[in-house]
Amino acid sequence: PHHVSTQLFSSKDEEEGTTKEKMNPVTKASWYAAEALGKLFAPSSSSQKASVDGTGKIDLTQPPSTLNEALERIKLDNDRSYFLSGQVDVQAYSPDCIFADPFVSFAGRDRFVDNLANLGSFITNYSAKMINYEVLKDGVQVQTKVMVKLELNLPWKPILAWPWG
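A. Seen up close, the pairing of strand 5 (residues 159-164). Across 6 bridges, the pairing between strand 4 (residues 141-152) and strand 5 is antiparallel. Within strand 5, the residue paired with Leu-150 across the bridge is Leu-160.

Next up, the structure:
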């Protein structure tokens, strides 16, 4: 099986592993509190569908069999805005894959997938437009930049928008 070791929304600092060191304690505590709240209010989990893309051409219960298939499946994930929709092709990512953004960096596909599922309860509407999609390091790293707009599930329905990546 071929997995792509993905670092999502990475910058040079995250690639060097300094995200945690630069994060102030309040930001770090807030992130972990949000993660804990997400787990507390998470909808019940459902099993992975055989085909998220609807074509039936890709068996998402199995890891990709080639590097090209892995890259295609990650591209399909990005086309689906998986980081907001929660519809992620779990098998496309290595179990010890590193996920990083400006707030936190951690290894572990399962933790990332759980966080994506939990995020859905906080978002009522979203859109995402791919600004940049690059395959780096001979195809083993994918770096993206996405324009994100979302509405939070709060009584006053705040709308947030920013380039992510």
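B. Local environment of the pattern of salt bridges. In the structure shown here, the tally under the stated rule is 5 salt bridges. In this structure, the salt-bridge partner of Arg-73 is Asp-89, at a minimum N-O distance of 2.5 Å. Placement of the pair is Arg-73 in helix 4 (residues 67-79) and Asp-89 in the loop between helix 5 (82-85) and strand 1 (98-100), with a sequence separation of 16 residues. Its relative accessible area of 1% is what places Arg-73 among the buried residues. Among the residues examined, Asp-89 registers a relative accessible area of 1% and is labelled buried. Here Asp-77 ties to Arg-80 by a salt bridge, and the two come within 2.2 Å at their closest N and O atoms. Judged by relative accessible area, Asp-77 falls into the buried class, the value being 0%. The class of Arg-80 is buried, set by a relative accessible area of 16%. The network of salt bridges with shared partners includes Glu-69, Arg-73 and Asp-89.

C. View of the sheet that holds strand 5. If you walk across this open sheet you meet the 3 strands as 3-4-5, and the pairing is antiparallel. The open sheet has two edge strands, strand 3 (123-136) and strand 5, and neither has a second partner. The average undirected angle you get between the axes of adjacent strands in this sheet is 15 degrees. Bridging between strand 3 and strand 4 involves 12 bridges; their strand directions are antiparallel.

D. Looking closely at helix 4. The end-to-end C-alpha separation of helix 4 is 18 Å, in line with the 18 Å expected for 13 residues at 1.5 Å each. Among the residues of helix 4, Glu-69, Ala-70, Leu-71, Arg-73, Ile-74, Asp-77 and Asn-78 are the ones counted as buried. Against the buried residues of helix 4 lie helix 5, strand 3 and strand 4. Looking one or two residues beyond helix 4, the residue adopting positive phi is Ser-81, at roughly 55 degrees.

E. Examining unusual backbone geometry more closely. A positive phi angle, near 55 degrees, is found at Ser-81, a position not held by glycine. The backbone of Lys-157 shows a phi angle near 50 degrees, a positive value even though the residue is not glycine. You can see Lys-157 is positioned in the loop between strand 4 and strand 5.

F. The arrangement of the confidence of the model for the chain in detail. Per-residue confidence for the chain gives a mean pLDDT of 74; residues scoring 70 or more make up 65%. Between residues 1-20, whose pLDDT stays under 50, and residues either more than four places distant or in other chains, the model counts 72 contacts. Throughout residues 45-50 the model reports pLDDT below 50, and contacts reaching past four residues in sequence, or to other chains, amount to 9 contacts.

The rules behind each value
- Residues numbered from 1 in each chain as written.
- Predicted model: local features only at pLDDT ≥ 70, side-chain atom pairs only at ≥ 80, totals over all residues.
- Heavy atoms only, no water.
- Pairing = 2+ DSSP bridges.
- Helix = DSSP H or I, 4+ residues; strand = E, 2+ residues; numbered from the N terminus.
- Salt bridge = Lys/Arg side-chain N within 4 Å of Asp/Glu carboxyl O.
- Buried < 20%, exposed > 50% of the residue type's maximum accessible area, 1.4 Å probe, protein only.
- Axes fitted to C-alpha atoms, helices over the stretch in contact; angles between N-to-C directions.
- Expected span 1.5 Å × (residues − 1).
- Contact = heavy atoms within 4.5 Å.
- pLDDT = per-residue confidence, 0-100.

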